[in-house]
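Residue-level structure breakdown
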Amino acid sequence: MNSIFQQRTFSEKFSYAFNWMSTNRKAVLRYYALLFLPISFLMSFGMMSAMELQANIDPANFSFDTLKEDMGPLSTYYLLTLAGSFLGTSMFYALFNISEQLHKPLNETTFGYVWKQMKKNMGKVLLAAILIVLFVVVLCAIMFTLSWVNALINIITIPAMIAVIVALMAFGPLYLLNDEPLFESLAHALKLGFKSWWGFFSTGLVMSILVYLIQLVFSLPLQVCSSLGTIIGTGEGFGGTLLYIVGIAFATLACFVNFVLTPLSFLIFTVQYGHAANKHEGTTDFDNIDMEMAAKAETGNE
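The model shown is predicted, which means the values in this text are computed figures rather than measured ones.

Side chains of residues three or four places apart in an α-helix project in the same direction, reflecting 3.6 residues per turn. The end-to-end C-alpha distance of helix α7 (residues 182-195), which contains 14 residues, comes to 20 Å, matching closely the 20 Å that a straight helix rising 1.5 Å per residue would cover. When we look at burial in α7, the residues that qualify are Leu182, Ser185, Leu186, His188, Ala189, Leu190, Leu192 and Gly193.

As structure tokens, then:
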């Protein structure tokens, strides 16, 4: 497969992304199933609680007492979503970095080597997430302060914030696939992101639509179960219990599909980053290739 650091047309970026996923689909599914099927199963209970709550809640008589029974599963769902996002980001960039280092399909790598690369990413992902959250909070605080002074300023500040968030899409691949320090990576990402702003926006928008449509298809069975549950009553009698079990299965599938689709979003931003870095900076390769570890992985010693 060609290097990520190569100028590509709009269609070629998507071709690269889907070709990468197709070439490495067995390894990606294997590693993601190992980590995310158990997480998806636990999340399914929170998803079912959320759907039941949405179906049965009465806005006119809403009170927080109605949430007490569902708080446990819902809290678990959101905590596992955060944990899954953290692990998913670490795993994708570990897999992609190995693919770029070894220049061969991931099917020939071992889980031990993937896990070692993944552990390297975890600290960087955590730091990056904290920095991005703080950065966005500061931006929101500035926007709120300016809008409090004059509401018309929102005409400028809201588009400006959207522009900054789109430019930040370069931060993930730039920081996680290279050895630049955190704050230098952030400044570098904003600079590169604004230079290739339309590329990040257009590819991200199209991929988001594609991912949403696929998620919608896989969530339809769960929606059907939820609708039947409001009629039959999940957990009531044999039919209701069976329906709840089927709903858990479909909810697990929907959660797992969401995790598996996440690499597509990361991948298209990584491809766009490679395009922008090559076009605007002449970059041709990553700066953190560990040839010794690559050689060990290639010979099966790692």
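What follows continues from the structure just given.
What follows covers the packing of helix α5 (residues 154-167) against α7. Their axes nearest at 8 Å, the elements α5 and α7 cross at an angle of 105°. Comparing their axes, α7 and α5 come out roughly perpendicular. Residues Ala163, Val164 and Ala167 of α5 form the contact with α7, whose participating residues are Ala189, Leu190, Gly193 and Phe194. The class makeup of the residues in the contact of α5 with α7 is six nonpolar, one polar and no charged.

Each pocket or cavity is described by its volume, and for the largest pocket that value is around 590 Å³. In terms of lining, the largest pocket is formed by 20 residues, of which the most central are Thr89, Ala129, Ile132, Gly172 and Phe266. Elements supplying a minimum of two residues to the lining of the largest pocket: α3 (68-102), α4 (111-149), α6 (171-176) and α9 (237-281). Of all the elements, α4 adds the most residues to the lining of the largest pocket, at six residues. Approximately 200 Å³ is the volume found for the second largest pocket. For the second largest pocket, the lining is made up of 12 residues, of which Met47, Gln215, Ser219, Gln223 and Ala254 are closest to its centre. Elements represented by at least two residues in the lining of the second largest pocket include exactly α2 (25-56), α8 (197-232) and α9. Broken down by element, the lining of the second largest pocket gets its largest block of residues, seven residues, from α8.

Trp20, Tyr32, Phe36 and Leu95 are the most contacted members of the largest nonpolar core, which totals 72 residues. A total of 18 residues in this core trace back to one element, the largest contributor, which is α9.

Let us now look at α5. When the terminal C-alpha atoms of α5 are compared, their 19 Å separation across 14 residues agrees well with the 20 Å that a helix rising 1.5 Å per residue should span. Of the residues making up α5, those classed as buried are Thr157, Met161, Ala163, Val164, Val166 and Ala167.

What counts and what doesn't
- Residues numbered from 1 in each chain as written.
- Predicted model: local features only at pLDDT ≥ 70, side-chain atom pairs only at ≥ 80, totals over all residues.
- Heavy atoms only, no water.
- Helix = DSSP H or I, 4+ residues; strand = E, 2+ residues; numbered from the N terminus.
- Expected span 1.5 Å × (residues − 1).
- Buried < 20%, exposed > 50% of the residue type's maximum accessible area, 1.4 Å probe, protein only.
- Axes fitted to C-alpha atoms, helices over the stretch in contact; angles between N-to-C directions.
- Parallel < 35°, antiparallel > 145°, perpendicular 65-115°, else oblique.
- Contact = heavy atoms within 4.5 Å.
- Nonpolar A, V, L, I, M, F, W, Y, C, P; charged D, E, K, R; others polar.
- 1 Å grid on protein atoms, 1.4 Å probe; cavity = no way out; pocket = protein on both sides within 12 Å on 5 of 7 lines; lining within 4 Å.
- Points joined across faces, edges and corners; volume = space filled by probe spheres on them.
- Core = buried A, V, L, I, M, F, W, Y, C linked by side-chain atoms within 4.5 Å.

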